[in-house]
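Reading the structure
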Amino acid sequence: MIDCQNLMKIYKIDDDHEVIALQGLDLQVEDGEMMGIIGSSGSGKSTLLNMLGGLDRPTAGKLLIDGKDLLRLSDKELVKYKLETVGFVWQNNARNLIPYLSAVENVEMPMLIKGHHKRSRAKEILEMVGMGHRLHSKLGSLSGGEQQRVAIAISLANNPRLILADEPTGSVDVKTADLILDVLRNLNRELGVTIVIVTHDTQLTKKMDRIVAIRDGKTSSEILRRSHFLHENTDSEESLQEEETHVELAVLDSARRVQIPEEYLEAIGITDTNKVRMEMEEDKIIIVNPK
C-alpha cells in the first residue's frame, strides 16, 4: 500500500536557512496492515503523515501509495486522491468535526464534497463505530471518545483504502483510548482498510503487531510483536514472559547504515565524540568506546 524510498523534505525558512524534516526515510506498509509510527517531537513523523495524506509534497525521493506516485500527481489528481484514497483522523476534534452539524451530517459532508451523498451510508458507518445511538447529536453533547469515534466514521465516508490517524487518543483517558484503538482494529479486520497511527502512547503501541520508530527524519528501528518475530525465526514461544511482548530491530538504510539510540551511546560513555570502535565477536558486532 505504501512504499517510501529515500524520502526527503526540506522547508525553506528564508534565503539563508533551511530545515530538513525528512532525510532519506524508507518505509513500506502492506495492504491491509495496521501499524504505528512513533518518534519524539521534531523527529519527522507529522511531516511524514502530511506526505502520506497528500497535504504536502516531498522534496525528493519516491512515494507510492496504492499504486499512485504522489510526486507526479497534478493538483487536480491530488484533490481526487485526498477525497477517495485516504481518510484522516486528527487529534484535535475541531479539525475533525463541524460543531453546528449533527454526527450523521458530519459523516455526510465528505460524501457531499465528492458528489455521492447517502444518508443510509452515513448511518451505517456510525453504527460500525458504535455511534448509531447518537446520529443527531452535535459536538457539544458528545464526550471526547464519542467525538473521536465520529471522526473515525468521517474518515471512512468515501470508502478510502488508507486511514491516517494523528495521535487519535491524545486527548482522552486510558480506558477511552483502548476503546478507540479497538474500533480502529475492528475496522481494519472487517473492512481490510490499511491504518497508520502516529502516537506517543506506548500502551497503544503494545497492541500493534508492528511499530516504526523515526529519529531525525529517518526510520531508525522497527518494533515487532515478539510472537511474529519468533514464529519467523524459531517457531517457539515457550520462554516468553508476559511483559516482553515486542522486540525492537534496528533498520539498515539503503547505504547499510544504522542509527544508534543516544541512550545506548551515553551508556558506554560516548558523549563528546562522533567516533566509535566496532569489533567482531563470533556472530556479533560490538560497538565500543574508542577511549
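The present account deals with the structure reproduced in this document. Per chain, the residues get numbers from 1 upward, laid out in the order the sequence is written. For this predicted model, a pLDDT threshold of at least 70 governs which residues receive local features, and a threshold of 80 or more governs which side-chain atom pairs are given and counted, while totals over whole chains, interfaces and linings are taken from all residues. Note: side-chain values were computed over all heavy atoms of the structure, leaving out hydrogens and water.

Concerning a nonpolar patch on the surface
Selection criterion: Nonpolar side chains (Val, Leu, Ile, Met, Phe, Trp, Tyr) within 5 Å and like charges within 9 Å form the patches, drawn only from residues with over 30% relative accessible area and no salt bridge. In this description, accessible areas are obtained by the Shrake-Rupley approach with a 1.4 Å probe, and a residue is regarded as covered only by the protein chains that are shown. What makes a salt bridge here is a side-chain nitrogen of Lys or Arg within 4 Å of a carboxyl oxygen of Asp or Glu, nothing more. Numbered from the N terminus, helices here are DSSP runs of H or I no shorter than four residues, and strands are runs of E no shorter than two.
A cluster of nonpolar side chains, contributed by Ile268, Val276, Met278, Met280, Ile285 and Ile287, occupies part of the molecular surface with about 570 Å² of accessible area. Counting only elements with at least two residues in the nonpolar patch, the list comes to strand 12 (277-281) and strand 13 (284-288).

Here's the deal with the sheet that holds strand 4 (residues 60-65)
Whenever strands of a sheet pair, they do so through backbone hydrogen bonds, lying parallel or antiparallel. Note the cut-off: In this scheme, strands are said to pair when DSSP sees at least two bridges between them.
One open sheet accounts for four strands, arranged 2-1-4-5; its pairing is antiparallel. Only two strands of the sheet have a single neighbouring strand rather than two, namely strand 2 (17-29) and strand 5 (68-69).

As for the nonpolar core
Convention followed: Only buried Ala, Val, Leu, Ile, Met, Phe, Trp, Tyr and Cys residues count toward a nonpolar core, and they belong to the same one when joined by side-chain atoms within 4.5 Å. Only protein chains enter the calculation, and the probe is 1.4 Å; a residue is then buried if its accessible area is under 20% of its type maximum, exposed if over 50%, and partly exposed in between. Residues count as neighbours in contact if any of their non-hydrogen atoms are within 4.5 Å of one another.
Core analysis: the largest hydrophobic core is formed by 37 residues, its most contacted members being Val107, Leu126, Val129, Val150, Ile152 and Ile197. Breaking this core down by element, the ones donating at least two residues are helix 4 (103-114), helix 5 (119-128), helix 6 (144-155), strand 7 (162-166), helix 7 (174-191) and strand 8 (194-198). Per element, the largest residue contribution to this core is six residues, and it comes from helix 7. Dropping the residues within four chain positions of it, isoleucine 197 is found in contact with Met34, Met35, Gly36, Ile37, Ala165, Pro168, Leu181, Leu184 and Met208. By size, the runner-up hydrophobic cluster in this structure holds 29 residues, among which are Leu25, Met35, Leu162 and Val212.

A few points about the pairing of strand 7
For clarity, the threshold we go by: Consider the strands pointing away from the viewer: the crossover is right-handed when the path from the first strand over the helix to the second runs clockwise.
In terms of burial, strand 7 is largely enclosed, as five of its five residues are buried. By the bridge criterion, four bridges tie strand 6 (residues 86-89) to strand 7 in an arrangement that is parallel. Across the sheet, residue valine 89 finds its bridge partner in strand 7, namely alanine 165. Relative to strand 8, strand 7 runs parallel, the two sharing five bridges. Of the residues in strand 8, the one forming a bridge with aspartate 166 is valine 198. Note on the crossover from strand 7 through helix 7 to strand 8: the handedness is right-handed.

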